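Examination of the molecular architecture
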Amino acid sequence: MRKLPPLNAIRAFEAAARHESFTAAASELCVTVTAISHQVRQLEAILGRKLFERSGRAVVLTAEGHAVFPLLRDGFDRMASAFAAIRPPAGGDAITVSTTRAFAERWLMPRLAHFNAAFPSVVVHIDATEDARTPGTEGIDLAVRYGRIDRAGEAAVLFNDRYIAVAASTICPPGSRLAIDEFRSRSLLAFRWKNAALDSPAWSAWLAGVDHDLGRDFRISWYSEEPLALHAAERGLGPLLCSDALVDEQLRQGTLRRLDGPALPGFAYRLVEAPDGVRRKSVIAFVDWMRAEAAAFRSGPEPVMTQAA
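Here goes a summary of the coordinates provided. (Residues numbered from 1 in each chain as written. Predicted model: local features only at pLDDT ≥ 70, side-chain atom pairs only at ≥ 80, totals over all residues. Heavy atoms only, no water.)

1. Description of the overall build of the protein
Put simply, the rule reads: Numbering of helices and strands runs from the N terminus; a helix is a DSSP stretch of H or I covering at least four residues, while a strand is a stretch of E covering at least two. Only protein chains enter the area calculation, which uses a 1.4 Å probe; residues under 20% of their type maximum are buried, those over 50% are exposed, and those in between are partly exposed. Throughout, a residue-residue contact means that at least one pair of heavy atoms, one from each residue, lies within 4.5 Å. Reported accessibility uses the Shrake-Rupley method at a 1.4 Å probe radius. Residues are deemed covered only where the shown protein chains occlude them.
In terms of regular secondary structure, the protein is built from nine helices and 11 strands. Per-residue burial for the protein yields a buried fraction of 41% across its 309 residues. Of the contacts made within the protein by residues no fewer than 6 positions apart, 77% connect residues no fewer than 24 positions apart. Only carbon and sulfur atoms are counted for the fraction: they give 53% of the accessible area of the protein, which is about 17,100 Å².

2. Points about helix α9 (residues 281-299)
What counts, and what does not: In this scheme, a helix's expected span is set at 1.5 Å multiplied by one less than its residue total.
Across its 19 residues, α9 extends 27 Å between first and last C-alpha, which sits within 8% of the 27 Å expected from 1.5 Å per residue. Regarding α9, the residues found buried are Ser-282, Val-283, Ala-285, Phe-286, Val-287, Trp-289, Met-290, Glu-293, Ala-294 and Phe-297.

3. Observations regarding the environment of Ala-233
For Ala-233, the position within the fold is in helix α7 (residues 226-234). Taking the C-alpha atoms as reference points, Ala-233 and Ala-167, separated by 66 residues in sequence, lie 5.9 Å from one another. Setting aside chain neighbours within four positions, we find Ala-233 in contact with Ala-168, Leu-189, Gly-238, Leu-240 and Leu-256.

4. Quick notes on the nonpolar core
Note the threshold: By convention a nonpolar core is built from buried Ala, Val, Leu, Ile, Met, Phe, Trp, Tyr and Cys residues, the set being connected through side-chain atoms within 4.5 Å.
Judged by nonpolar contacts, the single largest core of 58 residues is most densely connected at Phe-159, Ile-180, Trp-206, Leu-240, Phe-286 and Met-290. Sort the elements by how many residues they give to this core and strand β6 (residues 157-168) lands first, with eight residues. Not counting the four nearest positions on each side in its chain, Ile-180 is found in contact with Leu-188, Trp-203, Trp-206, Leu-207, Val-210, His-212, Phe-218, Pro-239 and Leu-259. Among the nonpolar cores identified, the runner-up in size contains 18 residues, and Ala-12, Leu-43, Leu-51 and Phe-69 belong to it.

5. Quick look at unusual backbone geometry
Look at Glu-20: it is not a glycine, yet its phi comes out positive at around 55°. Accessibility expressed as a relative area gives 60% for Glu-20, which makes it exposed. Unlike most non-glycine residues, Cys-30 shows phi in positive territory, near 60°.

6. Points about the pattern of salt bridges
Note the cut-off: Whenever Lys or Arg places a side-chain nitrogen within 4 Å of a carboxyl oxygen from Asp or Glu, that contact is recorded as a salt bridge.
Applying the stated criterion across every chain yields a total of 16 salt bridges. A salt bridge links Arg-184 to Asp-181; the nearest nitrogen and oxygen atoms lie 2.9 Å apart. The exposure class of Arg-184 is buried, given its relative accessible area of 11%. Residue classification places Asp-181 among the partly exposed residues on the basis of a relative accessible area of 31%.

Written as structure tokens, this is what we have:
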């Protein structure tokens with residue numbers, strides 16, 4: 001048999017260490033603050049080590065507390081994953097996918113009806129945020145991340161994107177090809193990246209690859225959010241340099257058109273699953289579906305720079 005301290009004492013310590021608060025731990029475990037304090041003291045007595053330094057209402061982990069806390073936290077996370085994998089979900093199975101707002105809105109949602117039709121019993125929750133959620137915690141089952149990858153992460157890559165210049169069909173002059181000089185009267189659209197670690201493809205790099213009047217400068221209108229810049233382009237406020245993955249549907253519908261110019265290399269969209277987690281059938285099904293959709297997207301014909309019908 002394993003020699004373990006009382007599980008209630010372990011739970012009390014893990015919750016208090018995670019929240020850095022006896023009060024928050026008591027609220028989570030539905031007990032009194034006094035009970036949490038008693039259980040932590042009981043654990044300290046059994047171990048013969050002090051786990052918290054107490055200063056008024058504040059509690060800070062000691063060196064011994066810091067050493068044991070991550071192991072206990074990971075152990076409780078694994079137990080939760082194990083029981084979640086076999087617990088019958090209420091009202092059918094459900095998964096939560098975390099990704100950026102732009103990817104959720106522009107690439108995932110237009111395709112999600114295909115998944116719903118194939119797996120009607122699975123409910124998909126979308127957590128659209130610029131924060132990097134960690135699968136296996138915060139109720140997240142799967143994440144789609146965007147950025148650079150190393151060789152160790154290549155197996156998780158869905159696809160790499162390219163940056164192209166697009167404009168609303170309503171402001172495009174007639175003709176089979178669209179030159180950037182046709183848009184001198186409008187501002188070029190751009191958005192500020194939230195991830196400072198990535199060097200976003202810039203208009204200067206794109207303009208270096210096309211013939212244009214070097215004697216005249218372009219104005220640039222900046223947007224704080226990528227989705228805002230995409231909506232501005234669709235409303236005819238000017239051309240936008242953006243990921244081809246985020247305008248695929250609009251290019252094929254003809255509401256946006258591609259300008260004559262280069263496709264700059266972008267970054268990778270990749271899947272991130274819970275580490276060492278038990279893979280539920282619904283998560284496996286969604287991952288397989290995402291890979292199939294990504295393969296179809298990249299194997300299809302690249303939108304050409306021709307006049308919209």
